[in-house]
Amino acid sequence: MLVLMLVAAATFWLCPLARAQPLCRIHTVRTGKMFHVGQQTQGDHLYFLSTTRLIKHPCKKDIALYLGRQLFFTRNNFESSLLPFSIPTAMQVGIPEVTSAHFAGSVLLLVVNRKVYIYDYEASSWNASIGIKHPVSHISGDNCCYSEHPFCLDISNSVFAYLYGDQMSQTNIYFSNTQGYRFQKYVHERQAELVGSLGGIFYFHSLSQVGLLLIDQGKAKFGYSDHPLNHSFGLPFDYNGTLDILITPGQKGILIFWFEKSLLVSRSAGQLVDRVHVREGHHILYSSIFEANVTIHNVAANENELAVLTRENNLYYGSLGILTSFLIKFADQNIWSQEAALMFTDLGMIEILTPLPDLIFPTFDFQKCPVNIQAILMDPQLQVDVCKVELLQGEFENKIYVIDMNSELELTALMIPRPGTSPVPLAMVSNPHSLGLQAIIYEDGYTYDGNTKHRLEPRPRPKPGSNISLRQQHHWGRADPNFTSSIKRPTISTITLDIANKEISCVDLKPLTALISVGCDLEKKIVIQNEISACYKDILNPAALQDNYSYVIEKEAYDPNFRGQRATEDLVVHYPYEKLGCPLLVHYDNPWKPVVELWREGKFQEVMEAEYVLLEVNGLFTYTYSLTAGTALCSSQPQNWTTIMENAGDKGPFAWDRENYVSCHDPNNHAPLKWPNAPYQILGGPTANKVTFDQRNGIYVFFISIVDPYYSYCHLQTTFSVYVYGAFPLPIIPSEITSFLIMVAILLSVWLAYIIPKVLHTEQGHRFKGFWVSLCRRCRKFCVCFRCGR
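Residues numbered from 1 in each chain as written. Predicted model: local features only at pLDDT ≥ 70, side-chain atom pairs only at ≥ 80, totals over all residues. Heavy atoms only, no water.

With that out of the way, let us pick up the overall build of the chain. If you tally the helices and strands in the chain, you get 10 helices and 53 strands. Here the C-alpha radius of gyration of the chain, 40 Å, is well above what a compact globule of 790 residues would show, namely 28 Å. Along the three orthogonal principal directions, the C-alpha set of the chain runs to about 170 × 70 × 55 Å. Counting all 790 residues of the chain, 48% fall into the buried class. If you take every contact in the chain between residues at least 6 apart in sequence, the share linking residues at least 24 apart comes to 63%. Only carbon and sulfur atoms are counted for the fraction: they give 55% of the accessible area of the chain, which is about 40,100 Å². Of the side chains in the chain, 64 bear a positive and 72 a negative charge, and the two mean positions are spaced by 9 Å. (Helix = DSSP H or I, 4+ residues; strand = E, 2+ residues; numbered from the N terminus. Rg over C-alpha atoms; globule rule 2.2 N^0.38 Å. Buried < 20%, exposed > 50% of the residue type's maximum accessible area, 1.4 Å probe, protein only. Contact = heavy atoms within 4.5 Å. Areas by Shrake-Rupley, 256 points an atom, 1.4 Å probe, with all protein chains shown as cover. Lys, Arg positive; Asp, Glu negative; His and termini not counted. Charge placed at Lys NZ, Arg CZ, Asp CG, Glu CD.)

What follows is the structure in structure tokens.
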């Protein structure tokens, strides 16, 4: 009994101590002073008049920008004292007030005095943006941190610049795909019709849409740029004050809207916007921040977490769940100041940062207050349940995948729940208009301690199985066409696997996310089958082709402008053997088309049957096509190289591709069929069209382009060569003249055979006959005399 009493007393004595543990332990970073002795800030001091902000680079975790009465740029996460950030006087910014900032890949963009400036922190250089002709106040963009994939780089390079609060119908918006170095004017499709003011414009890559925030009479709603969302707006929501909008990293489509008295979140790129609840245990304490009667000072978010610092010295924490988002309040501590800023340094780690001026040196020190979320959540007073999942893993986490046209992707994941619990795994895509999803889960054995393993496995199994299968929404056949995005347009989506009823204590159990590009698979290429070459038949010598081989194209056979007109002089062409190899052998008298193979990652995939076009790169026009527009059963006038080149602009002659191709068999193509006898220049597809060569031997180098918009998102193009043989040399006299002379000779012979017998029976005929008889006699006598004389 005495032991129990001692234990109880110790417990009561320790509990207040546990509750008295501080939220964080403050320390000050004060380093590098010796390097700044006598050093002053060069240029104009930048400042930010609004509430303190701290912007972290989503991909480079140690790079951040603090915005307050002074700006501080760090490359080591504020682990050293810093001089205030300034812009060179040579930039002539005037008033050095910053109203917006954004990291775009390897540069920092700043709006200073309503103009955009670029700081390349790797080269430590400044530049002014080009192309903006009107004042702007804000910039927006996103960053892709998955890899150096081209479409990932495009995300980081895309930036908008705009003037907040300007009337929507007359505002000037600018867009850049060069990290902000060069802008061009952007016009929304229905901008002139919109009523209200501009609250922001954002490129929602998770939805492959440009979102325009329209504010009108205390309400706000998003309008979108492309089908199918461009026909309506997102649901309106209350817009109180000037909401700052955070796009969380990871391209999940999660937006956070906040002001001093408002905190909203959207998981659908603005289509639906909800209030963030405040919970205590399992109960909703307040349905919104406004009801909590606190004033928000700063908000920070990462891919999965949310933190709020208030002026009442309160710190709130929440997870950005796949279905719901809510906050819980931590214990009070004197952590707020006017200069304090909030940031996530790692998963479950928050840091409250405050710059401290130095009385001696011009540099500023930094007071840091690190908060370990997992340790705080263990406080029983917070009434937080234990995480129900022990393990959630998948091989696709933080990876990029590409789904090309008619392709499918299958992924695998594993979940191990805590014994006696029933967590619900849920897979979601950010862009259901483009990417379809099917996921089923099954039990797959037990762990060593008896826990059930749940697996999502793509391969078919004999027992009840499961898979995460992804393909274009068009090809699932389950969605209405008015719901799906245009199949011709490449899009992006993320897939996220998370626990639907996940507890806030699952700090270390982050969702599994992958980025899916519904677009061009760069590993694909086309190859022209070359089983019988001119070298194989000893018509050409490979050694000679490699020895700086060149050939001559007669001026009558080519046109350098690709118009089918004869040139003024012969053309000498160098043959690039390293690129083309030995030419494919083709007999001139046999209609021909190339056999096109699709290869991926060095492996043969299929013989391609899609539509494609050919063009001889040197302007040879001594070939045509076996079909005409009429015999190809076109319902409208087909395109040809002439019409394509007329509209090509700066693209050059080889501009025919999947983006500008229009099929003459498309019922939506209403161009009238005016010239049914015009050659049909498209090969492959539903027709049996082939190339027919003129009577000319020689090398042809063809450019081939796949124009079928439904075969691949890639611009599948290549060049190859053929050698045409078997044509006899053309006669010197044209065949038409020869045929005419033969016909004249035949007719003359027939006429003579008819007229001569009739003439011989006339008086003149007798005279003519006598003349020839006498002539023959004289000749005979002359011959006899000549013999006797010998």
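Still more ground to cover, so stick around.
A cluster of nonpolar side chains, namely Ile737, Phe740, Leu741 and Val744, defines an oily patch on the protein surface of about 390 Å² accessible area. Locating Ile737 in the fold gives a position in helix H9 (residues 735-760). (Patch = residues over 30% accessible without salt bridge, like charges linked within 9 Å, V, L, I, M, F, W, Y side chains within 5 Å. Salt bridge = Lys/Arg side-chain N within 4 Å of Asp/Glu carboxyl O.)

In an α-helix there are 3.6 residues to a turn, and that puts residues three or four apart on one side. Every buried residue belonging to helix H2 (residues 150-157) is among Phe151, Cys152, Ile155, Ser156 and Asn157, and all of these are buried. Contact partners of the buried residues in H2: strand E7 (98-104), strand E12 (159-162), strand E13 (173-176), strand E33 (400-403), strand E41 (491-499) and strand E42 (512-518).

Tallied over the entire structure, the rule returns 7 disulfides. The disulfide partner of Cys59 is Cys145, and the S-S distance across this bridge is 2.0 Å. With the S-S bond torsion at -80°, the cross-link from Cys59 to Cys145 turns out left-handed. Linking Cys59 in the loop between strand E3 (53-56) and strand E4 (64-67) with Cys145 in the loop between strand E11 (138-141) and H2, this pair joins segments that are 86 residues apart in sequence. In this structure Cys59 comes out as partly exposed when scored by relative accessible area, which is 30%. (Disulfide = S-S within 2.5 Å.)

Turning next to the sheet that holds strand E8 (residues 107-112). Within the open sheet, the 4 strands sit side by side as E7-E8-E9-E10. Their pairing is antiparallel. Each edge of the open sheet is held by one strand with a lone partner, namely E7 and strand E10 (125-128). The average angle at which neighbouring strand axes cross in this sheet is 20°, direction not considered. Two strands pair when backbone bridges link them, and strand E9 (residues 115-120) and E10 are joined in this way by 4 bridges, in the antiparallel orientation. Note that in E10 the partner of Tyr117 across the bridge is Ala128. (Pairing = 2+ DSSP bridges. Axes fitted to C-alpha atoms, helices over the stretch in contact; angles between N-to-C directions.)

Across a sheet, paired strands are connected by hydrogen bonds in the backbone, their directions being either parallel or antiparallel. Ordered by their spatial adjacency, 3 strands build an open sheet running E43-E47-E48, and the pairing between neighbours is antiparallel. With partners counted over all chains shown, the strands left at the sheet margins are strand E43 (524-528) and strand E48 (603-607), one partner each. Put simply, the sheet's adjacent strands are angled 35° from each other on average, direction ignored. Here strand E47 (residues 596-600) pairs with E48 via 4 bridges, running antiparallel. The partner of Trp599 across the bridge, within E48, is Phe604.

On to the pattern of salt bridges, then. For the structure shown, the criterion picks out 20 salt bridges. The closest approach of N and O atoms between Asp358 and Arg30, which form a salt bridge, is 2.4 Å. Highlighted residues: Asp358 in the loop between strand E30 (349-357) and strand E31 (364-372) and Arg30 in the loop between strand E1 (27-29) and strand E2 (44-45), separated in sequence by 328 residues. On the basis of relative accessible area, Arg30 is assigned to the partly exposed category, the value being 45%. Among the salt bridges present, the one from Glu122 reaches Lys60, with a minimum N-O distance of 3.3 Å. On the criterion of sequence distance, the pair formed by Glu122 in the loop between E9 and E10 and Lys60 in the loop between E3 and E4 is long-range, its members being 62 residues apart. One network of salt bridges, with partners in common, ties together Arg30, Asp358 and Asp365.

The next point concerns the nonpolar core. With 65 residues, the main nonpolar core has Trp592, Leu614, Phe693, Phe702 and Val722 as its most contacted residues. Among the elements that line this core, the one with the most residues is strand E52 (residues 698-706), at 7 residues. For Phe702, the contacting residues outside a window of four places in its chain are Trp592, Leu614, Leu615, Glu616, Val617, Tyr623, Phe693, Thr718, Thr719, Phe720 and Val722. In this structure, Phe160, Phe175, Phe202 and Leu229 belong to the second largest nonpolar core, which totals 30 residues. (Core = buried A, V, L, I, M, F, W, Y, C linked by side-chain atoms within 4.5 Å.)

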